[in-house]
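Architecture at a glance
Here are the chains, one letter per residue:
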Amino acid sequence: MGIVVKLDVMLSQRKARSKDLAAYVGITQANLSLLKQGKVRGVRFDTLQKICEFLDCQPGDLLVHEADGP
């Protein structure tokens, strides 16, 4: 399966809104939505850093590697 983005889980746990995160990070809500869905091919480290600052988490809380099936 590869890398799974758990951004929606962290937003829910922190009771934060996507709109507020997008404004803090400086990206559009559309791009944040694509990131939440795992439909982006890459994330800049400065974007990841801002997301982690806002959610008070580590990158490993947002990005998880799930192995492919047998």
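Residues numbered from 1 in each chain as written. Predicted model: local features only at pLDDT ≥ 70, side-chain atom pairs only at ≥ 80, totals over all residues. Heavy atoms only, no water.

Some points on the packing of helix α2 (residues 18-25) against helix α4 (residues 45-55)
Operational definition: To get an axis, fit a line to the C-alpha atoms, keeping to the stretch in contact for a helix; angles then go from 0 to 180 degrees between the N-to-C directions. Strands here are runs of E lasting at least two residues and helices are runs of H or I lasting at least four, both read from the DSSP assignment and numbered beginning at the N terminus. By the definition adopted for this analysis, an angle is roughly parallel if under 35 degrees, roughly antiparallel if over 145, roughly perpendicular if from 65 to 115, and oblique otherwise. If you view the pair so one helix is near and one far, a crossing is left-handed when the near helix is turned anticlockwise from the far one by less than a right angle, and right-handed when it is turned clockwise. Only heavy atoms matter for contacts: two residues are in contact if any of them lie within 4.5 Å across the pair. Each residue is assigned to one of three groups, with Ala, Val, Leu, Ile, Met, Phe, Trp, Tyr, Cys and Pro labelled nonpolar, Asp, Glu, Lys and Arg labelled charged, and all others, Gly among them, labelled polar.
Running from N to C, α2 and α4 point in directions that differ by 130 degrees, and their axes come no closer than 9 Å. Put simply, α2 runs oblique to α4. Once α2 is placed against α4, the crossing between them reads as right-handed. Where α2 abuts α4, its residues D20, L21, Y24 and V25 lie against T47, K50, I51, E53 and F54. Of the residues contributing to the contact of α2 with α4, the split by class is five nonpolar, one polar and three charged.

Topic: the packing of α2 against helix α3 (residues 29-36)
Running from N to C, α2 and α3 point in directions that differ by 110 degrees, and their axes come no closer than 9 Å. When the axes of α2 and α3 are compared, the pair comes out roughly perpendicular. Residues S18, K19, L21 and A22 of α2 pack against Q29, L32 and K36 of α3. Here the contact of α2 with α3 is composed, by residue class, of three nonpolar, two polar and two charged.

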